[in-house]
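# Structural features, examined
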Amino acid sequence: RIEQIISNDIDRRLKGLKACTIDRHLKLIDMATKTSLLLMLTVFTILNGVDAGLLSAISVACSCPTDDSLPKSCLKSILPPWPICKFHSIDYFLSKSLEGSTRCCNPDDLSECRCPKKDTPTFQNKIGEWCKNVSTCPKNEPTVDSDFETE
């Protein structure tokens with residue numbers, strides 16, 4: 001008789017423990033679902049509330065300048081990666097690239113090339129394509145402004 005009472009008591013407690021554990025799991029699942037829905041709603045609200053002009057401004061701020069008058073191969077080779085490309089104008093990078101190409105695009109003599117990595121295999125593997133692309137850039141000689149008058 002005592003064993004039966006103890007067995008029933010243990011079963012009752014285990015059922016209570018299982019119910020309590022299941023209840024905790026359901027509460028956690030419910031909380032996770034609510035959190036996910038709240039997060040999705042927040043993201044949706046933010047995205048719908050953001051002005052297209054702001055997104056465009058962010059896109060422009062995080063991209064390099066372009067110039068439709070230059071061949072794409074030229075532009076690709078003269079511009080350093082973002083954000084360094086934002087430090088100077090395209091004209092600056094063009095003039096520096098053309099200047100560098102006179103020193104570094106002679107495969108027989110790189111003694112004038114100032115690149116500290118000119119002797120590495122990576123440089124030697126990439127310099128040929130860079131020189132080919134820079135050669136497509138217009139070589140604008142400095143011109144005298146027509147409004148400039150000499151005495």
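Thresholds, definitions, all that
Residues numbered from 1 in each chain as written. Predicted model: local features only at pLDDT ≥ 70, side-chain atom pairs only at ≥ 80, totals over all residues. Heavy atoms only, no water. Core = buried A, V, L, I, M, F, W, Y, C linked by side-chain atoms within 4.5 Å. Buried < 20%, exposed > 50% of the residue type's maximum accessible area, 1.4 Å probe, protein only. Helix = DSSP H or I, 4+ residues; strand = E, 2+ residues; numbered from the N terminus. Axes fitted to C-alpha atoms, helices over the stretch in contact; angles between N-to-C directions. Parallel < 35°, antiparallel > 145°, perpendicular 65-115°, else oblique. Left-handed = near helix turned anticlockwise from the far one by under 90°. Contact = heavy atoms within 4.5 Å. Nonpolar A, V, L, I, M, F, W, Y, C, P; charged D, E, K, R; others polar. Expected span 1.5 Å × (residues − 1). Disulfide = S-S within 2.5 Å.

### Focus: the nonpolar core
One recurring pattern in soluble globular proteins: nonpolar side chains tend to sit buried together. Membership of the largest hydrophobic core is limited to eleven residues, which are Leu70, Cys74, Leu75, Ile78, Leu79, Ile90, Phe93, Leu94, Leu98, Val134 and Cys137. Going through the elements one at a time, helix 3 (72-78) and helix 4 (90-104) are the ones with two or more residues in this core. Leu110, Cys113, Phe123 and Ile127 belong to the second largest nonpolar core, which has six residues in total.

### Side note on the packing of helix 4 against helix 5 (residues 121-134)
The relative placement of two packed helices is expressed as an angle between their axes plus a distance between the axes. Put simply, helix 4 and helix 5 touch, their axes get as near as 10 Å, and they point 130° apart. Considering their axes alone, helix 4 and helix 5 lie oblique with respect to each other. The two elements helix 4 and helix 5 meet at a crossing, and its hand is left-handed. Where helix 4 approaches helix 5, its residues Ser97, Leu98, Gly100, Ser101 and Cys104 are matched on the opposing element by Ile127, Trp130, Cys131 and Val134. In the contact of helix 4 with helix 5, the residues fall into six nonpolar, three polar and no charged.

### Looking at helix 5
Between its first and last C-alpha atoms helix 5 spans 20 Å; for 14 residues at 1.5 Å apiece the expected length is 20 Å, and the two agree. What helix 5 keeps buried is the set Phe123, Ile127, Cys131, Asn133 and Val134. In this structure, the buried side of helix 5 is in contact with helix 3 and helix 4.

### Here's the deal with the state of the cysteines
By definition, a disulfide is the covalent link that joins the sulfur atoms of two cysteine residues. This structure, assessed with the given rule, holds four disulfides. The disulfide partner of Cys104 is Cys113, and the S-S distance across this bridge is 2.0 Å. Disulfide Cys104-Cys113: torsion about the S-S bond near 90°, hence right-handed. Looking at Cys104, the relative accessible area reads 10%, which means it is buried. Exposure remark for Cys113: the relative accessible area of 3% places this residue in the buried category. For the chain, the bonded cysteines pair up as 1-3, 2-8, 4-6, 5-7 when numbered in the order they occur along the sequence. Of the cysteine sulfurs around Cys115, a residue in no disulfide, the closest is that of Cys113, at 5.5 Å.

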